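# Structural description and commentary
Chain by chain, the residues:
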Amino acid sequence: LLDKRNGPGQSHLIKQRVEKAYQLQRQRFGGARFNSSMTNRQIRELAQLTQAAKDLLDSAAEKLDISARAYVRSVKVARTIADLDNNPDILPVHISESLQYRYQSAAAPYLAYAD
């Protein structure tokens, strides 16, 4: 997503991508549910991580001491990023981006006190 930023006046393209991702999730779950509500079983069955993406996440989990909960959340976020990218598989680039969001949100409370 970060490398596909659209310029001003292109919000309709972003809206189309979000609507497409929403439809993919409706098809995946058979209703108005989102990737964030996936159970562990659904993650194993539906997330579709490529081996390279799984290897990257496993390596990051070990090196960054990521908890099991954060690991699962990273997969859910990566699945959404892949949906926005209109990709049926989670690729390493999707995992990388999901991990970046994890650390941005984790640092946010500390940034408020930086001044």
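These lines cover the structure that appears in this document, whether it is placed above or below. Model, not experiment: these values are computed from the prediction.

What counts and what doesn't
- Residues numbered from 1 in each chain as written.
- Predicted model: local features only at pLDDT ≥ 70, side-chain atom pairs only at ≥ 80, totals over all residues.
- Heavy atoms only, no water.
- Helix = DSSP H or I, 4+ residues; strand = E, 2+ residues; numbered from the N terminus.
- Buried < 20%, exposed > 50% of the residue type's maximum accessible area, 1.4 Å probe, protein only.
- Contact = heavy atoms within 4.5 Å.
- Expected span 1.5 Å × (residues − 1).
- Arc of directions from axis to C-beta.
- Axes fitted to C-alpha atoms, helices over the stretch in contact; angles between N-to-C directions.
- Parallel < 35°, antiparallel > 145°, perpendicular 65-115°, else oblique.
- Left-handed = near helix turned anticlockwise from the far one by under 90°.
- Nonpolar A, V, L, I, M, F, W, Y, C, P; charged D, E, K, R; others polar.

### Notes on the environment of Ala53
Within the secondary structure, Ala53 sits in helix α3 (residues 51-64). For Ala53, a relative accessible area of 0% gives the class buried. Once the C-alpha coordinates of Ala53 and Pro92 are considered, the two residues, 39 residues apart in sequence, prove to be 4.1 Å apart. What Ala53 contacts, discounting residues up to four positions off in sequence, is Ile90, Leu91, Pro92 and Ile95.

### Observations regarding helix α1 (residues 11-29)
For α1, built from 19 residues, the straight-helix expectation of 27 Å at 1.5 Å per residue is met to within 8% by its first-to-last C-alpha distance of 27 Å. For α1, the set of buried residues is Ala21, Gln25, Arg28 and Phe29. When α1 is viewed along its axis, its buried side chains cluster within an angular range of 80° and face the same direction. Turned more than 90 degrees from where α1 packs its buried face, Lys15 and Gln27 sit exposed. On its buried face, α1 sits against α2 (40-46) and α4 (68-84). Positive phi appears at Gly30, one or two residues downstream of α1, with a value of about 70°.

### Describing the packing of α1 against α4
Between α1 and α4, whose axes approach to 8 Å, the crossing angle comes to 120°. Looking at the two axes, α1 sits oblique to α4. For the pair α1 and α4, the sense of crossing is right-handed. Where α1 abuts α4, its residues Arg17, Val18, Ala21, Leu24, Gln25 and Arg28 lie against Arg79, Thr80, Asp83 and Leu84. The residue inventory of the contact of α1 with α4, partitioned by class, reads four nonpolar, two polar and four charged.

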